[in-house]
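# Descriptive analysis of the structure
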Amino acid sequence: MTQASVLVPMQGCKACERLWHTPLPSCPFCASTDCKPVEVGGRGRVYAWTTVARSLESPPRPTPYTIVTVDLEAGGRVFGRYEGTAEPQPDEPVVCTRVDRDAQGALSFSPAR
Ligand SMILES: [Zn+2]
């Protein structure tokens, strides 16, 4: 069974056609201001990760938690919370399972099954 993924809200550049998350006033790659919102599929692969042992947020978030950097199949490199139970692996297939629109579009990823 394939795990369902949610769409990831990205911003796209009409000049260089690259994608990024979260919205910026101009393209971080070519500085064009001709940008548009785009939603893409949430499937991707783990590029890197880090486990946070001490929260610097206020109020503090329960620790430890793991943040992954994910290369989306649709293009673009994003980061989000890792919801797997084991340590992520390099190139591990993951799916975006949540977009927290109250937290500036924070993403959550789970291992793809
Ligand atoms: Zn651009």
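Here the structure is a predicted model, which means the values were calculated and not measured.

### Thoughts on the sheet that holds strand β4 (residues 43-52)
- Pairing is mixed around the closed barrel formed by 5 strands, whose spatial order is β4-β5-β6-β8-β7. For this sheet, the mean inter-axis angle between neighbouring strands, taken without regard to orientation, is 45°.

### Focus: the sheet that holds strand β1 (residues 8-13)
- Pairing within the open sheet is antiparallel, and its 3 strands lie in the order β2-β1-β3. With one partner strand each, in any of the chains shown, β2 (19-20) and β3 (35-40) form the two edges of the open sheet.
- Strand direction decides the pairing type here: β1 and β3, joined by 6 bridges, are antiparallel. The partner of Met10 across the bridge, within β3, is Val38.

### So, the pairing of strand β7 (residues 93-100)
- Where β4 meets β7, 3 bridges bridge the pair, whose relative direction is antiparallel. Among the inter-strand pairings, Arg45 is bridged to a residue of β7, identified as Pro93.
- Where β7 and strand β8 (residues 106-111) come together, 6 bridges link them in antiparallel fashion. Across the sheet, the residue bridging to Cys96 is Phe109, located in β8.
- Linking β7 back to β8 in an antiparallel pair, the connection comprises 5 residues, with Gln104 at a positive phi of about 55°.

### Details of the environment of Arg77
- Within the secondary structure, Arg77 is located in strand β6 (residues 77-82).
- Note: C-alpha distance between Arg77 and Arg45 (32 residues apart in sequence) is 9.6 Å.

### Observations concerning unusual backbone geometry
- Cis rather than trans, the peptide bond between His21 and Thr22 has omega equal to 15°.
- Examined against the element boundaries, Thr22 turns out to sit in the loop between β2 and β3.
- For the bond running from Thr63 to Pro64, omega is -5°, close enough to zero to count as cis.
- Position of Pro64 relative to the elements: it lies in the loop between β4 and β5 (65-72).
- Of note, the phi angle at Glu17 is positive, near 65°, even though the residue is not glycine.

### Quick notes on the pairing of β6
- Across 6 bridges, β5 lies against β6 in antiparallel orientation. Note that in β6 the partner of Val68 across the bridge is Gly80.
- Between the end of β5 and the start of β6, which pair antiparallel, lie 4 residues, with Gly75 showing a positive phi angle near 110°.
- When β6 meets β8, the two strands line up parallel, connected through 3 bridges. Within the sheet, the bridge partner assigned to Gly80 lies in β8 and is Leu107.

Definitions and cut-offs
- Once a new chain begins, its residue numbering starts again from 1 and follows that chain's sequence as written.
- At least 70 in pLDDT is required for a residue's local features to be given in this predicted model, at least 80 for side-chain atom pairs to be given and counted, and no such filter applies to totals for whole chains, interfaces and linings, which use all residues.
- Here a strand pair is declared whenever DSSP counts at least two bridges between the two strands.
- Under the scheme used here, helices are H or I runs from DSSP no shorter than 4 residues and strands are E runs no shorter than 2 residues, and both carry numbers assigned from the N terminus.
- Orientation is described by lines fitted to C-alpha atoms, with helices fitted over the stretch in contact, and by angles between N-to-C directions that extend from 0 to 180 degrees.

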